[in-house]
Amino acid sequence: MTPQRLAQIHAAAFDDDRPWTAAEFEALMALPFVAVFTQPDGFALTRLIVDEAELLTIAVAPAVQGQGTGRRLLTAWLDQLVAAQARTAFLEVAADNLGALHLYTSFGFQVSARRRGYYQRKDAAAVDALVLSREVTHSHFPGSCTGMASRPGTGTMPIPQHQ
């Protein structure tokens, strides 16, 4: 998936926030510890440093939200973290993003911190960010999925399925 397509999906999914630009996605994707998991209408941009993983952003086109794309992306990411022997995964989410909070907690993420007024809204008051984290294990998330991961220097590759 191109940086331009990532930026397009991100802008549609987060219309209350400042969307990330194609140049920002391109710069992040050039880093050796960043991976992009993709589905036709969604993606997850992640990084893994030593044994700590972060979900930098996940976005699903509004027309297909609630149809399992986000769940497949998170499953692919967590499957990859198990294979990479990561110990901890974390992410930030707007406190008012109830759909995302439900998804993340269904995967075993728990609130570990709050950043007051972190997300600036176009026409509304700033919203707190919740930092969610969890240990990486074989349990607490749905089974494997099919998807694609893109890594610098290797192109796009299928995500292996775990039995």
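Going by the structure above, here's the rest.
All of these numbers come straight from a predicted model, not from anything done at the bench.

**So, a nonpolar patch on the surface**
Step number 1: On the surface, Leu31, Phe33, Ile49 and Val50 cluster together to form a nonpolar patch covering roughly 350 Å² of accessible area.
Step number 2: Residue placement: Leu31 occurs in the loop between helix 2 (22-29) and strand 1 (34-39).
Step number 3: Judged by its relative accessible area of 31%, Leu31 is partly exposed.

**Description of the side chain of Thr57**
Step number 1: Tracing the sequence through the fold places Thr57 in strand 3 (residues 52-60).
Step number 2: A polar contact of 3.3 Å, which involves the side chain of Thr57, links it to the side chain of His10.
Step number 3: Discounting residues that sit within four places of it in the chain, Thr57 has contacts with His10, Phe14, Trp20, Phe25, Phe43, Ala44 and Leu45.

**Structural notes on the pattern of salt bridges**
Step number 1: Taken as a whole and assessed by the stated rule, the structure comprises 8 salt bridges.
Step number 2: A salt bridge links Arg87 to Asp51; its shortest N-O distance comes to 4.0 Å. Here Arg87 is found in the loop between helix 3 (69-83) and strand 4 (88-94), whereas its partner Asp51 is found in the loop between strand 2 (42-49) and strand 3, with 36 residues between them in sequence.
Step number 3: For Arg87, a relative accessible area of 57% corresponds to the exposed category.
Step number 4: A network of salt bridges, in which partner residues are shared, links Arg114, Arg116 and Asp128.

**A word on unusual backbone geometry**
Step number 1: Of note, the phi angle at Val50 is positive, near 60°, even though the residue is not glycine.
Step number 2: Inspection of the secondary structure puts Val50 in the loop between strand 2 and strand 3.
Step number 3: The phi torsion at Gln85 lies on the positive side, around 60°, for a residue other than glycine.
Step number 4: Structurally, Gln85 is set in the loop between helix 3 and strand 4.
Step number 5: The class for Gln85 is exposed, based on a relative accessible area of 67%.

Criteria and cut-off values
- Residues numbered from 1 in each chain as written.
- Predicted model: local features only at pLDDT ≥ 70, side-chain atom pairs only at ≥ 80, totals over all residues.
- Heavy atoms only, no water.
- Patch = residues over 30% accessible without salt bridge, like charges linked within 9 Å, V, L, I, M, F, W, Y side chains within 5 Å.
- Areas by Shrake-Rupley, 256 points an atom, 1.4 Å probe, with all protein chains shown as cover.
- Salt bridge = Lys/Arg side-chain N within 4 Å of Asp/Glu carboxyl O.
- Helix = DSSP H or I, 4+ residues; strand = E, 2+ residues; numbered from the N terminus.
- Buried < 20%, exposed > 50% of the residue type's maximum accessible area, 1.4 Å probe, protein only.
- Polar contact = N/O pair within 3.5 Å; in protein donor to acceptor, adjacent residues only side chain to side chain.
- Contact = heavy atoms within 4.5 Å.

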